Amino acid sequence: MKKRNSFVLRRVLSSFSVLVILFSQGTSAFASVGEGTETGDAEASMKLGEAQEETGVVEKGEPPQTMEDQQAGDTEAPSVEPPVAEVPPAVDKTILQNKIRELTQVLANSSLYTSTSLPITTANQLLARGQQLLASEEVSDEEVANCIAEITNLLAKLVLRGDKGPLQALVATAAGLVETDYTAASYSVLAAALVAAQQLLNDPDAVTESLTASLNQLQSAIAGLVKTEAPKPETPKPEKPKPENPETPKPDVPVVETPKETKPEKPVIKEPETDKPTSNKSEKEQSVKKSDGDQQVVDAGVTDSTDETQSEESTTTVVETNSGDDSTNEIDTNFAVDSLTSSDLNGFELPLLSSFSDQRQAALIAQGLKTLSQPFDKAATLSNERSLPESFSNRSLLQYLYSSVLDVNLGEDYDEMAQVGERVSLDQLQPGDLLFWENQGQPTKVAMYLAEGKYLMADEPLQNQNVVIPSVNKTKTTLEEKGAQEDSLPGVRIYTLQGYSKDENGKVRLASSEEGMLPEKMIESSEQHANPSFAQHVLADQSLTLIGEELLASYGASIDFRKNPVTESFIASIAEDARELGLQYGVYPSVMIAQAILETGSGGSLLSKAPYYNLFGIKGLYNGNSVSMKTMEDDGTGNLYQITAAFRNYPNFRASLTDYVSLIRGGTGYNQNFYQGVWRSEAKNYLQATAFLTGRYATDTSYNNKLNSLIATYHLTQYDEPRVADAGVIITGRDAIPNSYAEKMIFPDYNGVDYNHSGSYPVGQCTWYVYNRIAQLGGTVDDFMGNGGEWGQRGASLGYRTTQIPTVGYAVSFHPGVASSSKQYGHVAFVEAVGLEGILVSEGNVVGPTTVSYRVIPNSIARTNQVTYVAPK
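Conventions used here
Residues numbered from 1 in each chain as written. Predicted model: local features only at pLDDT ≥ 70, side-chain atom pairs only at ≥ 80, totals over all residues. Heavy atoms only, no water. Axes fitted to C-alpha atoms, helices over the stretch in contact; angles between N-to-C directions. Helix = DSSP H or I, 4+ residues; strand = E, 2+ residues; numbered from the N terminus. Parallel < 35°, antiparallel > 145°, perpendicular 65-115°, else oblique. Left-handed = near helix turned anticlockwise from the far one by under 90°. Contact = heavy atoms within 4.5 Å. Nonpolar A, V, L, I, M, F, W, Y, C, P; charged D, E, K, R; others polar. Polar contact = N/O pair within 3.5 Å; in protein donor to acceptor, adjacent residues only side chain to side chain. Buried < 20%, exposed > 50% of the residue type's maximum accessible area, 1.4 Å probe, protein only. Pairing = 2+ DSSP bridges.

**Student:** Just give me the short version of the packing of helix α17 (residues 565-585) against helix α18 (residues 589-600), but keep the residues and values in it.
**Tutor:** Following both chains from N to C, one finds α17 and α18 inclined at 140°, their axes separated by 8 Å at the closest point. Between α17 and α18, the crossing angle belongs to the class labelled oblique. In this structure, α17 meets α18 at a crossing whose hand is right-handed. Judged by residue contacts, Thr567, Phe570, Ile571, Ile574, Ala575, Ala578, Arg579, Gly582 and Leu583 of α17 engage Pro589, Met592, Ile593, Ala596, Ile597 and Thr600 from α18. By residue class, the composition of the contact of α17 with α18 is 11 nonpolar, 3 polar and 1 charged.

Okay, here's the thing in structure tokens:
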């Protein structure tokens, strides 16, 4: 009976348990009503567990089940532990950041690209999405990668717009040609070429290839024009009277002779009494006699002070020509210069605005160039005024530049300045970066990087520094004496990084601590700066100040000319004559060539072609030769009207260049110094020369901008330096050294002292001189380096640094037979200066055993494996 009762009791409890479970499963559906019952459910569960224990429902060894366990058991779902939250790795956004920077620059210069290749709306949307991804912390690698791919794809499809300048100039010339002056067949070819060219000019997305092809087509069409022959008026011939008796004419009947054909007389040309330039008054007052006998007074020279030449963009139809002799006038010898005035740009060429990755860099450089030649004052500080200070200290120059252009405070001392921005390596310098020099780990000097290995620094004039000058009697002027004779060198100057070079791929190389550096004592003996210790990239998210925006708006080379073979070919045809004449008479060849490109549309204008050869649109007569053309003039208000003007007709391009130099050096008939501001003795650099021409040679207010942009595009400043002869000319005196190299010489002259106490090098030999030259300046080389041609190999084996990079202060070892050296012993010399086209060396035993001479060795030798440079210790 007890067992049965026990069994019944267990059945009841089990049923009760089932009800409790069912009730608990249903609570979720009534959660809003049953809130706060969790405690009661737990207590019921505990009581149920105790009751099961008492009745023995729970099997041995099993823990008591809670209601949650039973629910889980009913669904037979396995127990799963809650996952541990993992922190996702940070997404690398470096590439995306770089791509966004590139896209931002492209959008800022959107006018440079064709509209079809740069969809502005798409690009802006892509830029906004990329910036959102950069700002967001919760992005995936896939999102970043997709955005990078889209930006890369957009950038890869960009197509640059072409330069329409040369084609526009030629179209203006061709459009003024009169159809009736030429045969129908030849003019129809021109008309078709003009239509095609005009369509291309109207196309905002025209590319360089199409523009060049159209330019060539139009030039061919103009060259192929055939003039129509005007019908000659018949001259009636008087008939001879017939005598009544032909055999016996009567004497009282006069015989009428047929009149001879007359030709118009040439005007009598009055030659100038002195060797004045051809633009003198005597020639300006000449008149041209037309073939019909009427006199027409034309302007043979300069019409007024604001328009010295007639732009070839508006010169059109040839009306007539006037012939004289074909001789070339010589330039007044009084205009020749003894030596060239060095440019304060020190080889720096203002880059095109479009070449900067960040236009703020252009504003910094433009402001920096305004400070050139300002005096150095060690106590100068930055004032609150934004006007150009009267002087600069080393620190205040950089503080002024960054404050005025970007409103950036660089700090009060070198340590603070060195903490601004991020550190970059010297082979990755960008314009505007700060360069720092250290002494015992502390920054002591600062400069701003410009471009192409050049930097701007305010420093003490040379004569105020501790320059080592040997106290011996010398016939040449030492640096110390030179400093006493001349004004102090300017404090703000442009310097060159040591050992700077670029390979064919554009990769930059600099002299490092292992290569290209002079020993400390030799640096102390020179005007040379060692390369900086480190650099800081300061530009981040700063905005331009009002001054910065004005600098950018007035940037001196903002016209984006593109190189084309037509212009390059034209430059090649006049460059060497321009170099020769410019250097001889103190005019910038780079400016002369740029003007010729601009005035003639790269040699495409009718007036500049044979047989006229007028490169600069100068009006008048040249040795009796002129060509009259219909041309358009500006009335000063922008309205054009047509006139017929006579332009000088030259026998060749050199004659036109010569006449231009005479005009620039000789001025106008009423003011011989009218163009004085263009002379190299007056303009400190080509930028000042082009600025002076604007409003004086041409009324175009952007004339200097166009010239500067052409100079930058084709690197025309290379012609401002003398050409290096392939063989190297021996120079016996320092005064005869080309100015472009003389200005780069940083060491005092050789003092004549023999430091070779061991006698290892015979007196007067090239090895003896180089050993003593290096010793004089504080460096050392081994007493037993061998013959001159062996110094490279011997030096390397003795632990001296050797390189193929031309470096000032190094010994240069010529392999046997190179640069006219001995085919058995070779030669060794000392590098005094490194120029654009070669190196200047001093050497012994070339003219005489104890005579020091100089030579310019061209890059065709100086930058090859035929020579080795050995660094002193």
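**Student:** Describe in detail the side chain of asparagine 705, supporting the description with residues and values.
**Tutor:** Secondary-structure assignment places asparagine 705 in helix α21 (residues 703-713). A polar contact is formed between the side chain of asparagine 705 and the side chain of serine 558, at a distance of 2.7 Å. Residue contacts for asparagine 705: discarding those within four places in its chain leaves Tyr555, Gly556, Ala557, Ser558 and Ile559.

**Student:** How would you explain unusual backbone geometry if you had to name every residue and give the values?
**Tutor:** The omega torsion across alanine 610 and proline 611 is 10°, close enough to zero to call that bond cis. Position of proline 611 relative to the elements: it lies in the loop between α18 and β12 (626-634). One non-glycine residue, serine 373, lies in positive phi territory at about 75°. Of note, serine 373 is situated in the loop between α11 (359-370) and α12 (394-406). Unlike most non-glycine residues, asparagine 623 shows phi in positive territory, near 50°. Along the polypeptide, asparagine 623 turns up in the loop between α18 and β12. The exposure class assigned to asparagine 623 is buried, which follows from its relative accessible area of 11%.

**Student:** Any details on the sheet that holds strand β11 (residues 534-537)? Residues and values, ideally.
**Tutor:** With antiparallel pairing, the 6 strands of this open sheet are ordered in space as β4-β11-β5-β6-β7-β8. Both outer strands of the open sheet, β4 (422-424) and β8 (492-496), are each paired with one neighbouring strand and no more. Between one strand axis and the next, the sheet turns by 40° as a mean value, whatever way the strands run. Pairing of strand β6 (residues 442-451) with strand β7 (residues 454-458), which is carried by 3 bridges, proceeds in the antiparallel orientation.

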